[in-house]
Amino acid sequence: TEWTTKLRYLPYKDWSDQQIIDIEQKIANSHWRLGYHIQPSTGLLNDPNGFSYFNGQWHLFYQSFPYGPVHGLKNWTHLTSDDLVHWKDHGPLLLPGDKQDSHGAYSGSAIPVDDKLFLIYTGNVRDKAWVRHPKQDGAWVDTENKLTKISTPLIEEPKAGFTDHFRDPQILKHDGKYYCLIGARKKDDTGHVLVYQADSVTGPWQYKTELKFTDQKMGYMIECPNLVFVDGQPVLIFCPQGIAQDVLSYKNIYPNAYIIGKGFDWEKFEFIEPSEIKNLDDGFDVYATEVLNAPDGRALTVSWIGLPDTNYPSDIEGWANCYSLVKELHLEDNELYQIPVVENNHLMRNEITTSEITPQSKISINLDENQSGQVSVKTELGEELQIQLNATNGNILVDRTNTGVAVAVDHGTIRETNVGQGKITAELYLDNTVFELYINGGKKVITGRIFPKGQQFFVDSKNVQLQKVQLEKIY
Ligand code: FRU
């Protein structure tokens, strides 16, 4: 298929059912599908949206273009779960194509209000001349998972002085009032987060102020701003596109970063004593992380494992990208820790005692102090994902150079991080073509995709203690 603009934005009703059936057939023969990570049923998945707890269940939506592995006319596809681990895909729920979202139901968030779930999202609207007019729109989901759109935009247009890059509303409630954070690109090509306020979710929504969390220049555009409170402190997780390397050093095409505040001023919308900006993940593919301050008190996140403007080898199988495990955040000594939620223990099966491992497995790695060691995941074709650990200086290096079909090689095939001197413990979650490496209790995380041609996995190691456990294959 040649993915022209016309085809990408073809109304859904003009696609034949056969297109989905053809992709499903390709996927049925896939070598690269995942066993316990959220993945699109067909086509492309990007940002997580509307992560919430409502009506006794966890809800999550994915940005989806179902007709091919490309960015096109996006919908929100609905997932629910009882345990944050086993997810049921109910198919597209928030469909594009109305006046207020003609060219895509772009990213946004959700909040329960009385007995309904309120969705706020960006309606991507383009005129005949293909000029973009972003709208911030609303919709209700009832307890039967039936959706009703609000046909008039909640916010009609960008604030004066800003461009048409104005999207990804995050809704928050504080002291009986609603707030909304929106990513924006100013006409002088700087990235900002704008704050709107309303007494009721349906509006009227008024511009309040800019979120103040740094004095540095945050690139030309901020996508997917997410404010979360972790152990009482504010953390902004966001995607500052085009941020200078001397402000944040990063290797991926676009970074997903965070800043921690000592406190938060709700009057001024200001971070008190903001930290330096850091990468949320030191790996290859994390972007557009969405947060949830859950009613059980936990600060949760889920990340898109996939990057904008990047092709992935699974495109030839008619699908692209996946999500991370749901992670829980903590702060320790003003540093952010991320660990998979404890419910992931539901996935644990038998211990593995052979060097051959199942494509779904968890490998726990221990390295004593003053040592260095290595762990490799290899296939029968000699492809190798290599992890080097050094306890004398705290360095960890992950090398995907020889893991099979290449991804984004222009951005390098090696990633490194540092956890400081001392013994190292790490948990490697492998799921066929995605891995998540949580180091020293989640002080650092390295996430990435690999696309081996081989289909059997073996673990090889030097100078480390290993424990290997088979994990459940859900999908
Ligand atoms: C980030 C993003 C968002 C936008 C969505 C569209 O990956 O570009 O800014 O809302 O994807 O699918």
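In this text, all values refer to a predicted model and were calculated from it rather than measured experimentally.

On to the overall build of the protein chain. When helices and strands are counted, the protein chain shows two helices and 36 strands. Structurally, the protein chain occupies a C-alpha span of about 60 × 55 × 45 Å along its principal axes. For the protein chain, the residues scored as buried account for 48% of the 475 residues in total. For the protein chain, the proportion of contacts with a sequence separation of at least 24, taken over those separated by at least 6, is 58%.

The next thing to look at is the pairing of strand β19 (residues 286-293). In terms of burial, β19 is a largely internal element, seven of the eight residues being buried. Bridging between β19 and strand β20 (residues 299-305) involves six bridges; their strand directions are antiparallel. The residue of β20 that forms the bridge with valine 291 is threonine 301. Between β19 and β20, which pair antiparallel one after the other, the connecting turn spans five residues, and glycine 297 there sits at a positive phi close to 95°.

Residues given the UniProt feature "domain: Glycosyl hydrolase family 32 N-terminal" (unreviewed entry) here are residues 37-340. The distance separating the terminal C-alpha atoms of residues 37-340 is 12 Å; by composition the span is 0% helix and 55% strand.

On to the site of the ligand, then. Around the ligand lies a shell of 13 residues, among which Gln63, Tyr106, Ser107, Arg167 and Glu223 are the nearest. Looking at the shell around the ligand, the elements that each hand over two or more residues are β1 (43-54), β5 (105-113), β9 (162-174) and β13 (221-230).

All right, on to unusual backbone geometry then. In this structure, proline 204 follows glycine 203 across a cis peptide bond, with omega equal to 0°. In this fold, proline 204 is placed in the loop between β11 (191-198) and β12 (206-210). A positive phi angle is found at asparagine 334, which is not glycine, with a value near 60°. With respect to the secondary-structure elements, asparagine 334 resides in the loop between β23 (327-332) and β24 (335-340).

Right, let's get into the UniProt feature "domain: Glycosyl hydrolase family 32 C-terminal" (unreviewed entry) in the protein chain. Sites flagged by UniProt as "domain: Glycosyl hydrolase family 32 C-terminal" (unreviewed entry) map to residues 358-470. Note that residues 358-470 is 0% helix and 60% strand, and that its end C-alpha atoms are spaced 6 Å apart.

With that settled, the discussion passes to the confidence of the model for the protein chain. Here the protein chain averages 98 in pLDDT, while 100% of its residues score no lower than 70. Across the interfaces of the predicted complex, the ipTM metric reaches 0.98, alongside a pTM of 0.98.

To continue, consider the environment of isoleucine 363. Take isoleucine 363: it is sitting in strand β27 (residues 360-367). A tally of 23 C-beta atoms within 10 Å means that isoleucine 363 is categorised as buried. In this structure the C-alpha to C-alpha distance between isoleucine 363 and glutamate 351, which are 12 residues apart in sequence, comes to 9.9 Å. Apart from residues lying up to four places away in sequence, isoleucine 363 is in contact with Val375, Leu428, Leu430, Val459, Leu466 and Lys468.

In spatial order, the strands read β5-β6-β7-β8; together these four strands make up an open sheet with antiparallel pairing. Each edge of the sheet is formed by a strand with only one pairing partner; in this case those strands are β5 and β8 (147-155). Each adjacent strand pair in this sheet contributes to an overall mean axis angle of 25°, direction not counted. Direction of pairing for β5 relative to strand β6 (residues 116-123): antiparallel, over a ladder of seven bridges. Along β6, the bridge assignment pairs isoleucine 111 with phenylalanine 118.

Turning to the domain arrangement of the protein chain, a few remarks are in order. Note: interface size is frequently given as the accessible area lost on complex formation between the parts. In terms of domains, the protein chain is made up of domain 1 (5-340) and domain 2 (348-471). Placing a centre on the C-alpha atoms of domain 1 and another on those of domain 2 gives a separation of 29 Å. Of the residues lining the interface, 29 residues belong to domain 1; the matching set on domain 2 comes to 30 residues. Examining the composition of the side of domain 1 that touches domain 2, we find that five residues originate from one element, β24, more than from any other. Classifying every residue of the side of domain 1 that touches domain 2 by side-chain character gives 14 nonpolar, nine polar and six charged.

A general feature of soluble globular proteins is that nonpolar side chains tend to end up buried together. Leu119, Cys180, Tyr258 and Leu437 are the most contacted members of the largest nonpolar core, which has 120 residues in total. In this structure, this core is formed jointly by two domains, domain 1 (5-340) and domain 2 (348-471), each of which donates at least three residues.

We now examine the sheet that holds strand β28 (residues 372-379). Taken together, six strands build an open sheet; the order of strands is β26-β35-β28-β29-β30-β31 and the sheet is antiparallel. Sheet topology places β26 (356-357) and β31 (414-418) at the edges, where each strand pairs with a single neighbour. Direction of pairing for β28 relative to strand β29 (residues 384-390): antiparallel, over a ladder of seven bridges. Each bridged residue has a counterpart across the sheet, and for lysine 378 the counterpart in β29 is glutamate 384.

As for its position among the elements, valine 113 is in strand β5. With 16 C-beta atoms counted inside 10 Å, the residue valine 113 sits in the partly exposed group. For the pair valine 113 and serine 200, spaced 87 residues apart in sequence, the C-alpha to C-alpha distance is 9.6 Å. Residues within four places of valine 113 in sequence aside, it is in contact with Phe118 and Val201.

Mapped onto the fold, asparagine 49 is located in strand β1. Separated by 182 residues in sequence, asparagine 49 and aspartate 231 place their C-alpha atoms 23 Å apart. Excluding its chain neighbours within four sequence positions, the residues that come into contact with asparagine 49 are Phe61, Tyr62, Gln63, Trp76, Ser107, Gly108, Ser109, Tyr121 and Glu290.

The rules behind these values
Residues numbered from 1 in each chain as written. Predicted model: local features only at pLDDT ≥ 70, side-chain atom pairs only at ≥ 80, totals over all residues. Helix = DSSP H or I, 4+ residues; strand = E, 2+ residues; numbered from the N terminus. Buried ≥ 20, exposed ≤ 12 C-beta atoms within 10 Å, placed from the backbone. Contact = placed C-beta atoms within 7 Å. Pairing = 2+ DSSP bridges. UniProt positions renumbered as here; feature names shortened; annotations may be inferred. Near = placed C-beta within 6 Å. pLDDT = per-residue confidence, 0-100. Axes fitted to C-alpha atoms, helices over the stretch in contact; angles between N-to-C directions. Domains from an automatic or database assignment. Nonpolar A, V, L, I, M, F, W, Y, C, P; charged D, E, K, R; others polar. Core = buried A, V, L, I, M, F, W, Y, C linked by C-beta atoms within 7 Å.

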